[in-house]
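Coordinate inspection notes
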Amino acid sequence: MSVQRKVIVVGSGVAGMAFAHRLSALTRGQQVEIQLLSKAGPQASNSNAAQGGVAAVIHPADSWEKHRDDTLRVGDGRCDPAVVERVVKEGAASIEELLAKGARFDLDGDGRLNAAREGGHSAARVVHRGDRTGAELVRVLYEQVKRDPRIKVEETLMALDLLTEEGPQGRRCTGIRTMDVRTGAITEHHAHVTVLATGGSGRIYRHTTNPAGATGAGVAMAIRAGVPLRDMAFVQFHPTALYEPGKADTFLISEAVRGAGAVLLMPDGSRLMDGRHPMADLAPRNIVARAIHAVMRETGVDHVRLDATRIGEARFAREFPMILDHCWSIGLDPMKEPIPVMPAAHYLCGGIATDADGRTGLDGLIALGECAGSGLHGADRLASNSLLEALVIPRYAAAAVAGDRHGDPLPSDAVTGRIMLMDAEAATTAATSRMRDCMTANVGIVRENEGLRTAARELEEVRNTADVQWQAGERSLALMELRDMVLVARAICQQAMQEPANTGAHFNVDNERRGVKPRVATLVDGATA
Ligand code: SIN
């Protein structure tokens with residue numbers, strides 16, 4: 001029997017796997033081929049690294065309306081309220097579904113789900129499995145996907161570009177070009193629907209909590225294909241990445257640690273968040289990250305400290321075993337001394353603009369998860385809303401795709417060439433480093449007009465260097481990733497230059513100097529929202 005429709009999913013984090021799994025269930029008995037492609041498998045995904053949890057209303061005293069209001073408040077006027085409502089209403093059902101699939105979450109003494117507190121939430125509603133919730137979701141979904149003979153899983157294919165063509169109804173996406181990272185083979189895969197679920201882009205910054213693959217591939221492909229983006233100025237910095245000088249990868253100290261009672265300290269030992277926001281250490285992330293940034297700048301230190309000793313050893317060990325192991329592995333005992341921390345790039349709140357079903361501005365293309373700008377997060381993301389988004393929106397996207405039974409015959413997939421992969425040249429390594437420093441200094445937690453103009457210039461130069469390297473024949477993975485990252489970095493910088501006011505995670509000191517009122521008071525004096 002020939003396949004009537006083919007759907008390619010790029011990215012095997014929670015959003016990509018949740019979509020593939022749901023589409024398979026909804027199209028049972030139909031001739032639908034589902035391919036799930038990634039360059040390194042689900043363990044390398046951003047989802048797998050997520051510590052915190054899934055935000056979901058599970059306590060009788062809580063309500064989806066409160067969850068909605070928290071999301072809108074943290075999103076600072078830039079969320080799409082219809083998307084917010086759709087997502088937060090399905091928190092409890094999403095958890096139920098995961099439990100039915102075999103997910104294990106932490107329980108309290110009475111055997112009920114134990115919800116943690118995180119920043120910006122007015123209630124404890126972060127369902128978690130220790131400090132490895134993302135890995136638990138990945139485990140459960142991967143088991144389902146691997147068991148499903150209708151989902152073809154490929155884990156060595158790096159997505160290079162979208163295939164598009166002009167048709168009677170306008171331009172549409174017709175598939176994807178990939179490169180096999182083992183052999184360098186370039187293949188054109190044709191599909192009726194292509195789904196980008198490629199995750200984050202934190203690697204454009206010097207310090208990030210994101211894994212090595214978070215190079216913005218999906219957003220970069222969308223930019224090259226002219227697909228509209230949204231909310232790109234809003235990069236969320238996590239306030240508490242572990243400070244480990246000289247280490248390239250940054251380890252996250254979950255916000256749930258502050259939710260359990262840890263507090264940030266000034267260099268003199270007093271409480272850093274006192275008097276800065278009514279929610280103190282659990283204020284929205286942009287506020288806490290900016291407060292730490294201000295303290296670091298004013299006092300000349302390169303980190304601050306997080307006192308977790310008040311949590312108590314038994315609870316810390318039970319709820320944060322991975323963090324405890326990591327701290328011990330570097331000779332730090334968080335029960336005896338404060339943890340050195342600093343902010344690090346964590347989450348891109350915007351991305352490829354989508355509607356509430358994940359549809360993008362290009363026919364045949366869907367975007368899900370962190371690479372998508374669905375309007376859920378607005379100008380700053382409420383903690384642990386992203387795993388929920390990655391569970392809920394794929395369900396609607398899969399229903400929309402399953403409901404469309406039309407599919408013209410497709411050309412067969414074709415190998416169109418082969419790249420001889422080589423090591424990166426020094427110029428590429430230097431240009432990558434320059435991009436990261438430039439983004440960190442000028443398009444980071446605090447921005448100013450002159451810095452943004454400098455960044456725009458420098459990023460153009462980095463892009464030129466990358467093009468020159470490519471034209472000169474360099475074919476390294478690092479160069480391919482740099483070409484993606486610099487496009488994403490430019491889009492963030494350009495949108496930051498156009499933001500007229502300080503909103504959510506975007507903060508430009510020149511707006512303050514000009515007397516432009518922030519949408520919510522962003523720092524100091526306790527008067528907010
Ligand atoms: C954390 O555990 O602090 C991160 C959770 C999130 O970013 O949603």
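This brings us to the overall build of the protein. Summing up its helical and strand segments, the protein has 16 helices and 19 strands in all. Compactness check: the protein gives a C-alpha radius of gyration of 22 Å against a globular reference of 24 Å for 529 residues, within 12% of the reference. Over its C-alpha atoms, taken along the principal directions, the protein stretches across nearly 70 × 55 × 45 Å. Residues classed as buried in the protein amount to 59% of the 529 residues present. Partitioning the intrachain contacts of the protein with sequence separation of at least 6 by distance along the chain shows that 74% fall at a separation of at least 24. Accessible surface computed for the protein: about 20200 Å², of which carbon and sulfur atoms make up 50%.

Our focus in this paragraph is helix H11 (residues 321-329). For H11, the full list of buried residues reads Ile 323, Leu 324, His 326 and Cys 327. An end-on view of H11 places all buried positions within 165 degrees of arc, on one side of the element. Against strand S12 (235-242), helix H8 (255-259) and helix H10 (313-319) lie the buried residues of H11. Gly 331, located one to two residues past H11, shows a positive phi value of around 80 degrees.

On to the sheet that holds strand S19 (residues 414-418), then. Ordered by their spatial adjacency, 4 strands build an open sheet running S7-S8-S9-S19, and the pairing between neighbours is antiparallel. The outermost strands of the open sheet, each flanked by one partner alone, are strand S7 (157-167) and S19. Here the strands of the sheet are splayed against their neighbours by 25 degrees on average, with no regard to which way each runs. As paired strands, strand S9 (residues 185-190) and S19 are joined by 4 bridges and run antiparallel to one another. Considered in S19, the bridge of Glu 188 is made with Ala 414. Sheet strands in contact with helix H7 (residues 217-224) are S7 and strand S8 (170-180), and its direction is about 25 degrees off that of S7. The strands touched by helix H15 (residues 477-498) are S7 and S8; relative to S7, the strand with the most contacts, the crossing angle is about 50 degrees.

A few words now on the environment of Pro 42. Checked against the element boundaries, Pro 42 lands in the loop between strand S2 (32-37) and helix H2 (46-49). In this structure Pro 42 comes out as buried when scored by relative accessible area, which is 1%. Residues Pro 42 and Tyr 142, 100 residues apart in the sequence, show an inter-C-alpha distance of 7.5 Å. Not counting chain neighbours up to four residues away, the residues in contact with Pro 42 comprise Ser 12, Met 17, Asn 48, Val 138, Tyr 142 and Glu 155.

Ranked by size, the top nonpolar core spans 60 residues in total, and within it Met 435 and Ile 492 carry the most contacts. With 11 residues, the single largest contributor to this core is H15. If sequence neighbours within four positions are ignored, Met 435 has contacts with Arg 203, Ile 204, Leu 459, Val 462, Leu 482, Met 485, Val 486 and Ala 489.

Moving on to the state of the cysteines. For the coordinates displayed, the defined rule picks out 0 disulfides. The cysteine Cys 79 is free of any disulfide, with Cys 349 supplying the nearest cysteine sulfur at 9.2 Å. Counting only cysteine sulfurs, Cys 493 is the nearest neighbor of Cys 438, a cysteine outside any disulfide, at a range of 7.0 Å. On the basis of relative accessibility, which here comes to 4%, the residue Cys 438 falls in the buried class.

Looking at the ligand, the residues that line it are Gln 51, Gly 52, Glu 118, His 238, Leu 252, Ser 254, Glu 255, Arg 285, His 346, Arg 381, Ala 383 and Ser 384. In this structure, an oxygen atom belonging to the ligand sits 2.7 Å away from a side-chain N or O atom of His 238. One of the side-chain nitrogen or oxygen atoms of Arg 285 is found 2.8 Å away from an oxygen atom of the ligand. Expressed as a share of its isolated accessible area of 260 Å², the protein-covered part of the ligand is 94%. Taken together, the residues of the shell around the ligand sort by class into 2 nonpolar, 6 polar and 4 charged.

This part takes up the side chain of Asn 46. Tracing the chain through its elements places Asn 46 in helix H2. Once you skip the residues sitting within four places of it in the chain, Asn 46 turns out to touch Gly 200, Asn 210, Pro 211, Ala 214 and Glu 370.

What follows deals with the confidence of the model for the protein. Of all residues in the protein, 97% attain a pLDDT of 70 or more, and the chain-wide mean is 94. In this model, residues 520-529 is a region of pLDDT below 50 whose contacts with residues beyond four sequence positions or in other chains number 22 contacts.

The next subject is the side chain of His 506. By secondary structure assignment, the location of His 506 is in the loop between H15 and helix H16 (509-513). A polar contact of 2.9 Å, which involves the side chain of His 506, links it to the side chain of Arg 447. Not counting chain neighbours up to four residues away, the residues in contact with His 506 comprise Ala 233, Phe 234, Arg 447, Ala 496, Glu 499, Ala 501 and Asn 511.

This next bit is on the packing of aromatic side chains. Here the distance between the centres and the angle between the planes together describe a pair of aromatic rings. Enumeration according to the criterion identifies 2 aromatic pairs in this entry. Ring centres 5.2 Å apart and planes at 80 degrees place the aromatic pair Tyr 205 and Phe 237 in the edge-to-face group. On the criterion of sequence distance, the pair formed by Tyr 205 in the loop between strand S10 (193-196) and H7 and Phe 237 in strand S12 is long-range, its members being 32 residues apart. Residues Tyr 205 and Phe 237 agree in their burial class; the two are buried. With 5.2 Å between their ring centres and 55 degrees between their planes, Phe 316 and Phe 320 make a pair best called tilted. Grouping residues by exposure puts Phe 316 and Phe 320 together as buried. Residue placement shows Arg 381 over the ring face of Tyr 347; its charged tip is 4.2 Å from the ring centre. Over the face of the ring belonging to Trp 470 we find Arg 475, whose NZ or CZ atom lies 3.7 Å from the ring centre.

Thresholds applied
Residues numbered from 1 in each chain as written. Predicted model: local features only at pLDDT ≥ 70, side-chain atom pairs only at ≥ 80, totals over all residues. Heavy atoms only, no water. Helix = DSSP H or I, 4+ residues; strand = E, 2+ residues; numbered from the N terminus. Rg over C-alpha atoms; globule rule 2.2 N^0.38 Å. Buried < 20%, exposed > 50% of the residue type's maximum accessible area, 1.4 Å probe, protein only. Contact = heavy atoms within 4.5 Å. Areas by Shrake-Rupley, 256 points an atom, 1.4 Å probe, with all protein chains shown as cover. Arc of directions from axis to C-beta. Pairing = 2+ DSSP bridges. Axes fitted to C-alpha atoms, helices over the stretch in contact; angles between N-to-C directions. Core = buried A, V, L, I, M, F, W, Y, C linked by side-chain atoms within 4.5 Å. Disulfide = S-S within 2.5 Å. Near = heavy atom within 4 Å. Polar contact = N/O pair within 3.5 Å; in protein donor to acceptor, adjacent residues only side chain to side chain. Nonpolar A, V, L, I, M, F, W, Y, C, P; charged D, E, K, R; others polar. pLDDT = per-residue confidence, 0-100. Phe/Tyr/Trp six-rings, centres within 6.5 Å; stacked < 30°, edge-to-face > 60°. Lys NZ or Arg CZ within 6 Å of the ring centre and 35° of its normal.

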